[in-house]
Amino acid sequence: MDTEKTDNVCNEQVYSDIFKANSKTIYNYIYYKFGNEEKAYDAVQEAFVKLWENCGKVSPTRAKSFVYTVAKNLYLNVIKAEKVRLKYAEKSLKTTHETPEFLLEEEEFGKKLQRALDDLPENQRTTFLLNRIDGKKYAEIAEMEGVSIKAIEKRMHLALKSLREKIDGI
Amino acid sequence: MQENYLAKWLNGELTEAELLEFKKSSEYETYLRIAETSQQLEAPIYDEEKAFEALKNRQLLEEPKVVKLQPFKSFLRVAAVAALIMIGAFFYLQTLDESISTGVAENKEIKLPDNSVVSLNADSQITYDEGNWQEERDLKLNGEAFFKVAKGERFTVHTEQGKVSVLGTQFNVKQRSKLFIVDCFEGLVQVDFDGKTKKLSKGMSLSLIDGQLLESDNLEHLKPAWLAKESSFKSVPLKYVFEEFGRQYNMEVTTKNVDTQKLFTGTFSNTHKELALKSISVPSQIKFKLEGGKVLFYGE
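These numbers come from a predicted model, not from an experiment. (Residues numbered from 1 in each chain as written. Chains lettered and ligands numbered in written order. Predicted model: local features only at pLDDT ≥ 70, side-chain atom pairs only at ≥ 80, totals over all residues. Heavy atoms only, no water.)

Asker: Before we move on, can you summarise the overall build of chain A with the specific residues and values?
Answerer: Each helix and strand in chain A was counted, giving 9 helices and 1 strand. In sequence order, chain A lays out its α and β elements as α-α-α-α-β-α-α-α-α-α. Relative to all contacts within chain A whose residues are 6 or more apart in sequence, the contacts with residues 24 or more apart total 67%. On chain A, roughly 9,100 Å² of surface is accessible, and the fraction owed to carbon and sulfur atoms is 51%. (Helix = DSSP H or I, 4+ residues; strand = E, 2+ residues; numbered from the N terminus. Contact = heavy atoms within 4.5 Å. Areas by Shrake-Rupley, 256 points an atom, 1.4 Å probe, with all protein chains shown as cover.)

Asker: So, the overall build of chain B: which residues are in play, and what are the values?
Answerer: If you tally the helices and strands in chain B, you get 7 helices and 19 strands. Buried residues in chain B amount to 40% of all 300 residues. Across chain B, every contact between residues at least 6 apart in sequence was considered, and the portion connecting residues at least 24 apart equals 41%. Accessible surface for chain B amounts to roughly 17,400 Å². Of this, 52% is attributable to carbon and sulfur atoms. (Buried < 20%, exposed > 50% of the residue type's maximum accessible area, 1.4 Å probe, protein only.)

Asker: Tell me about the state of the cysteines, residues and numbers included.
Answerer: Residue and element names in this part refer to chain A. Across all of its chains, the model carries 1 disulfide over all chains by this definition. Here Cys10 engages in a disulfide with Cys55; their sulfurs sit 1.9 Å apart. Disulfide Cys10 to Cys55: torsion about the S-S bond roughly 90°, handedness right-handed. One end of the pair, Cys10, is in the loop between helix H1 (3–6) and helix H2 (12–34); the other, Cys55, is in the loop between helix H3 (37–53) and helix H4 (60–74), with 45 residues separating them in the sequence. Relative accessible area serves as the criterion here: at 22%, Cys10 is assigned to the partly exposed category. The buried category is assigned to Cys55, whose relative accessible area is 1%. (Disulfide = S-S within 2.5 Å.)

Asker: Lay out the confidence of the model for chain B with the relevant residues and their values.
Answerer: Should pLDDT be low for a region, the predicted coordinates there are not to be read in detail. Residues and elements named next belong to chain B. Mean pLDDT over chain B works out to 85, with 93% of the residues at or above the 70 mark. The weakest mean pLDDT in chain B belongs to helix H5 (residues 71–95) at 77; the strongest belongs to helix H1 (residues 5–10) at 91. Scored as a whole, the predicted complex attains pTM 0.47, and scored at its interfaces, ipTM 0.81. (pLDDT = per-residue confidence, 0-100.)

Asker: Break down the interface of chain B and chain A for me, citing the residues and quoting the values.
Answerer: Contacts between chain B and chain A engage 36 residues on the former and 50 residues on the latter. Here chain B meets chain A over a buried area of about 4,400 Å², counting both sides, of which 61% is carbon and sulfur. On the chain B side of the contact with chain A, B:Arg33, B:Leu41 and B:Tyr46 bury the most area, a combined 16% of that side's loss. In this structure, the connection of chain B to chain A is made through 4 salt bridges. Joining chain B to chain A, the criterion identifies 13 residue pairs in polar contact (both at pLDDT 80 or more). (Buried area = accessible area lost by both parts, 1.4 Å probe. Salt bridge = Lys/Arg side-chain N within 4 Å of Asp/Glu carboxyl O. Polar contact = N/O pair within 3.5 Å; in protein donor to acceptor, adjacent residues only side chain to side chain.)

Asker: Now, about unusual backbone geometry: what can you tell me, with residues and values included?
Answerer: All names here are of chain B. For Asn115, which is not glycine, the phi torsion reads 75° and is therefore positive. Overall, the relative accessible area of 52% leaves Asn115 in the exposed class. A positive phi is found at Asp123, a non-glycine position, where the angle reads about 50°. Within the secondary structure, Asp123 is located in the loop between strand E4 (117–120) and strand E5 (125–128).

Asker: A description of the layout of surface pockets should follow, citing residues and the corresponding values.
Answerer: Gaps left between atoms show up when a probe the size of a water molecule is rolled over them. Residues and elements named next belong to chain B. Roughly 650 Å³ of internal volume is contained in the second largest pocket. Contributing to the lining of the second largest pocket are 31 residues, with Asp183, Leu219, Ser232, Phe233 and Lys234 lying nearest its centre. Those elements that place two or more of their residues in the lining of the second largest pocket are strand E9 (170–176), strand E10 (179–186), strand E13 (205–209), strand E14 (212–216), strand E15 (230–237) and strand E17 (263–269). With 6 residues, the top contributor of residues to the lining of the second largest pocket is E15. A per-class count over the lining of the second largest pocket returns 10 nonpolar, 12 polar and 9 charged. When residues of the lining of the second largest pocket are assigned to domains, at least three map to each of domain 3 (109–222) and domain 4 (229–300). (1 Å grid on protein atoms, 1.4 Å probe; cavity = no way out; pocket = protein on both sides within 12 Å on 5 of 7 lines; lining within 4 Å. Points joined across faces, edges and corners; volume = space filled by probe spheres on them. Nonpolar A, V, L, I, M, F, W, Y, C, P; charged D, E, K, R; others polar. Domains from an automatic or database assignment.)

Asker: A description of the pattern of salt bridges should follow, citing residues and the corresponding values.
Answerer: Residue and element names in this part refer to chain B. Across all of its chains, the model carries 24 salt bridges over all chains by this definition. Between Arg137 and Asp114 there is a salt bridge; the shortest N-O distance is 2.5 Å. Placement of the pair is Arg137 in strand E6 (residues 137–148) and Asp114 in the loop between strand E3 (108–111) and E4, with a sequence separation of 23 residues. Judged by its relative accessible area of 14%, Asp114 is buried.

Asker: So, the nonpolar core: which residues are in play, and what are the values?
Answerer: In globular proteins that are soluble, nonpolar side chains generally tend to be buried together. Counting residues in each nonpolar core, the largest one holds 64 residues, and the members touching the most others are A:Ile30, A:Phe48, A:Leu51, A:Leu117 and A:Phe128. Counting 29 residues, the second largest nonpolar core, distinct from the first, contains B:Ile100, B:Val164, B:Val173 and B:Phe193. (Core = buried A, V, L, I, M, F, W, Y, C linked by side-chain atoms within 4.5 Å.)

Asker: A description of a nonpolar patch on the surface should follow, citing residues and the corresponding values.
Answerer: Residue and element names in this part refer to chain B. Taken together, the side chains of Ile87, Phe90 and Phe91 present a nonpolar region at the surface, about 330 Å² in accessible area. For Phe90, the position within the fold is in helix H5. Given the relative accessible area of 48%, Phe90 is considered partly exposed. (Patch = residues over 30% accessible without salt bridge, like charges linked within 9 Å, V, L, I, M, F, W, Y side chains within 5 Å.)

Asker: An account of the side chain of B:Ser281 is needed here, citing residue identities and associated values.
Answerer: Residue and element names in this part refer to chain B. Inspection of the secondary structure puts Ser281 in helix H7 (residues 273–284). Given the relative accessible area of 3%, Ser281 is considered buried. Residues within four places of Ser281 in sequence aside, it is in contact with Ile286 and Phe288.

Asker: Which residues make up the packing of H4(A) against helix H8 (residues 138–145) of chain A, and what values go with them?
Answerer: Residues and elements named next belong to chain A. Put simply, H4 and H8 touch, their axes get as near as 8 Å, and they point 55° apart. Between H4 and H8, the interaxial angle falls into the category oblique. Across from Lys64, Ser65, Tyr68 and Lys72 in H4, the residues of H8 making contact are Glu140, Glu143, Met144 and Glu145. (Axes fitted to C-alpha atoms, helices over the stretch in contact; angles between N-to-C directions. Parallel < 35°, antiparallel > 145°, perpendicular 65-115°, else oblique.)

Okay, here's the thing in C-alpha cells:
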C-alpha cells in the first residue's frame, strides 16, 4: 500500500538508509582521491544535501550514483591531491603472535607500500583502495567512477604492477 | 596470461594453469604481500552518526523543503504571511501623512479633500493627514504657497516660524529660512508667531524678516505675484531676493561687494532670466555675470 511513499528518496527512512549504505564509502572514496579528511567530510555533506534537494527527481535506484557523482564533481579541478595517510588496522596487529623480527619487517613493508601508494596516479589508487579496504567489487567501483569494469580491471592491474615494482625497488 | 591478470588474480578469476604459472614467478611473493597488507590498511576514522546529525542540522538551516505531498498547505502558509504583511502595510501607510513637494523651478496645484486649493511655489512642501482632513484642517508648510480655502472648520497652516489660521479665504504664506510673509487676499486670517497673534483682513500683509515685523495694508493684487509667474518683494533684504531667484531658475547665486541686507522693492519675472537679472540689478545698482548654472552679483 505504501510502496509509493517508501519508493521516494524524500521519505526520511529511505533517505537515511541511503546515507547509511553509502556515506562511509563516499568519505573514503574522496579521501583516497585527494588525501584530505576535511574535503572528504564536506563532500559527503554536499552530496547528501543535494540528494535531499533533488529527492523528488532522483529515484532510490539512481540515488547511489547520484551522490557519488556530486561528491566527485565537487572537487573537479579544484584541489590538488595531498599525501594519503593510511593507517594499519590496529586490531590485526594485536591479534598476531609473530616474532618481533617479523613484526618489524612487516612494519617496514607497510611503510614501503604506503609510499608506493602515494606515488600512484589518483584513479589507480582510488580503485585499488576501494577494493582492498572497502571490499568493493570491480563492478561497483566501475559504477562509482562511471567507467567500464574492464577499465577498472586495467587500473587494478597497473596499480599492482607499479606497487610491486616500487617495493621491489625496480 | 590473460589481460589484466593481476586484477583477475585478486578476484580469484585465474584458471588453475594460470595460477600455477603465476605462483612460480619471482614476483608472486611480493604481490601476495601487497594483497594481504593492503587489506589491513584503514582509512581515517569516520563518524557516520555525527555526519548524519550535521547533515540534518544543515537541512534545517537551508531553505525549508516544500513538502511534495501537501503543496497547497505550504502555499496557504506563504499566502497567509503575505496577506498579513500587506494588511499591516496598508494600515501603516494609512496613518502616514500625505506629503507633496515641488522641486526648484516647479509649481504645483493641489486640491485638498475639502476642495480647498493649494498652489505650491518652487522648492516647497506641504504635509497633511488625508484621512483626518474633514475633522482637522491642519497642514504643514515649508516654503511658499497660496491657499484658496473652502468654507468650513478652522484651516491652519503650520510653519516653522508661526501658524496661520482662517475660516475660509485666500491667502499666501511664504516661509523661507528667516523670512515669513503672510498676504491676505480675501476674508480674515489669523497669524500666530512668537507668542503674538495678528489678524489680517483683505488686502493686508504681514512680514517677519530676520525678526523684524512689518505690516502693510495695501496689497496691490488679488493674487500673489508668483501665480502670474513673477516674484514680488516689498522691502525685503536682497539676500532673500537672490535666494528666490536661485529657486525660480535653479541657479547658484553668489555675490561680491554687495550689501545683501539692503532692502529691495520690486518684481522680477520667473520666466525671462535676462529680464529678471536686470530687474534685480538695475534698481540695486549692482552688476551680474552669468556663467553656466551660476550667477554672480557684484558691486564696483
